[in-house]
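Geometric and topological summary
Chain residues, written in single-letter form:
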Amino acid sequence: MFCVRVPASTSNLGCGFDTFGLALSLYNEFFFERWQKFTVEGEGEGTNLPKDENNLFIRAYLKACEYFGEDPKPIRVIQKNSIPTGRGLGSSATAIIGGITAFEILHSKRLSQEEKLKLAISMEPHPDNLSPALLGGFVISLWDGKRLIYTKMDFPEDIKVVVAVPNFELSTDIARSILEQKVSLSDAVNNIQRASLMMASLCKREYDLLKEAVKDRLHQPYRAKLIPGFFKVMDRAYQEGALAVFLSGAGPSVASFSNRNFENIGKAMTKAFEEEGITARYLVLDVDQ
Ligand code: HSE
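These numbers come from a predicted model, not from an experiment. (Residues numbered from 1 in each chain as written. Predicted model: local features only at pLDDT ≥ 70, side-chain atom pairs only at ≥ 80, totals over all residues. Heavy atoms only, no water.)

Focus: the overall build of the protein chain
Counting secondary structure elements, the protein chain contains 10 helices and 10 strands. For the protein chain, whose C-alpha radius of gyration is 19 Å, the value lies close to the compact-globule estimate of 19 Å for 289 residues. Dimensions of the protein chain along its principal axes, counting C-alpha atoms only, are 55 × 40 × 35 Å. Taking all 289 residues of the protein chain together, the buried fraction comes to 55%. Restricting the contact set of the protein chain to residue pairs at least 6 apart, pairs at least 24 apart contribute 72%. Looking at the protein chain as shown, the accessible area adds up to about 12,700 Å², and 49% of this sits on carbon and sulfur atoms. Charged side chains in the protein chain number 34 positive and 36 negative. The centres of these two groups are separated by 1 Å. (Helix = DSSP H or I, 4+ residues; strand = E, 2+ residues; numbered from the N terminus. Rg over C-alpha atoms; globule rule 2.2 N^0.38 Å. Buried < 20%, exposed > 50% of the residue type's maximum accessible area, 1.4 Å probe, protein only. Contact = heavy atoms within 4.5 Å. Areas by Shrake-Rupley, 256 points an atom, 1.4 Å probe, with all protein chains shown as cover. Lys, Arg positive; Asp, Glu negative; His and termini not counted. Charge placed at Lys NZ, Arg CZ, Asp CG, Glu CD.)

Following this line, the structure appears as structure tokens:
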């Protein structure tokens, strides 16, 4: 049996909508082998996921077979999932990258990183979770519908990511459907300025700039309506010394950067959710470099 382990990711990082992605030290493991029919077994998070050809790992495997003109061979997959599903932590991206990797191994094909990412984007049309799931680390991705450009950056090793994970799922499709398709020039400029500032503050380790840099006007103001207590969770994390706080991907998890006081930040964030009637837990994660 083969095994592929793929990291969770947090994307957008506030101001970098559909662009910034960061791999985290939390993993889904996929064990697979050829079998008589497509079968999925699972333990851990997401045990309610489809157990047949509708499973995302198998769909990605089948997509790769179709793309490269190979006959699909039935496989058995055992998923050991540690990443909560539907919480904006890149769980779907792990299944897509895992399924494509299974194709490579079982069909003895060697795909370039770019081929894998382009194939993955045909299943999830924004690259910001897929790139770090494949490459690890902090990745900036650009996808214009035709061309994919990505680059991996160093990420400060003293920053951890504290994530508050509420006990409800939020579909990415719904969280995208409420966004404006046209945005004002001032909102676009806001995000360009702050995304640039975020890159500079991470590169130069000027952490005091992160709180301003992270502020977004393209998605968080709309999505906040879907996440009870979002702004309260954010405020509490800052009160405990977080450097930057933002919606993790499309939500509903809220993530923060910090270089100290990790447990207290996590506790304050979950308490804020609980005051709004939402049960939540927190995770203190490293960046998977
Ligand atoms: N950038 C995507 C979004 C990430 O915010 O919709 C989805 O996880």
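Topic: the side chain of Asn129
As for its placement among the helices and strands, Asn129 is situated in the loop between helix 3 (113–121) and helix 4 (130–135). Here Asn129 falls in the buried class, since its relative accessible area comes to 9%. Within the structure, Asn129 has its side chain in polar contact with the side chain of Ser11 (distance 3.3 Å). Once residues within four sequence positions are removed from consideration, Asn129 is found in contact with Ser9, Thr10, Ser11, Gly90, Ala93 and Glu124. (Polar contact = N/O pair within 3.5 Å; in protein donor to acceptor, adjacent residues only side chain to side chain.)

Quick word on the sheet that holds strand 7 (residues 160–166)
Taken in spatial order, the four strands make up an open sheet running 8-9-7-10, and their pairing is antiparallel. Both edges of this open sheet fall to strand 8 (244–247) and strand 10 (280–285), since each of them pairs with a single strand only. Within the sheet, the average angular offset between the axes of one strand and its neighbour, ignoring direction, is 20°. Relative to strand 9 (residues 254–258), strand 8 is paired through four bridges, and the arrangement is antiparallel. Looking at the pairing, Leu247 lines up with Val254 of strand 9. In this fold helix 9 (residues 230–239) packs onto strand 8 and strand 9, with an angle of close to 160° to the strand it touches most, strand 8. (Pairing = 2+ DSSP bridges. Axes fitted to C-alpha atoms, helices over the stretch in contact; angles between N-to-C directions.)

Digging into the site of the ligand
Within the structure, the ligand sits among Ser11, Asn12, Phe17, Asp18, His126, Asp128, Asn129, Thr172, Arg176, Arg223, Gly249 and Ala250. Asn12 has a polar side-chain atom sitting 2.8 Å from an oxygen atom of the ligand. Contacts to the ligand include Arg223, whose side-chain N or O atom sits 2.8 Å from an oxygen atom. Against a free-state accessible area of 260 Å², the protein chains account for coverage of 96% of the ligand. By residue class, the composition of the shell around the ligand is two nonpolar, six polar and four charged. (Near = heavy atom within 4 Å. Nonpolar A, V, L, I, M, F, W, Y, C, P; charged D, E, K, R; others polar.)

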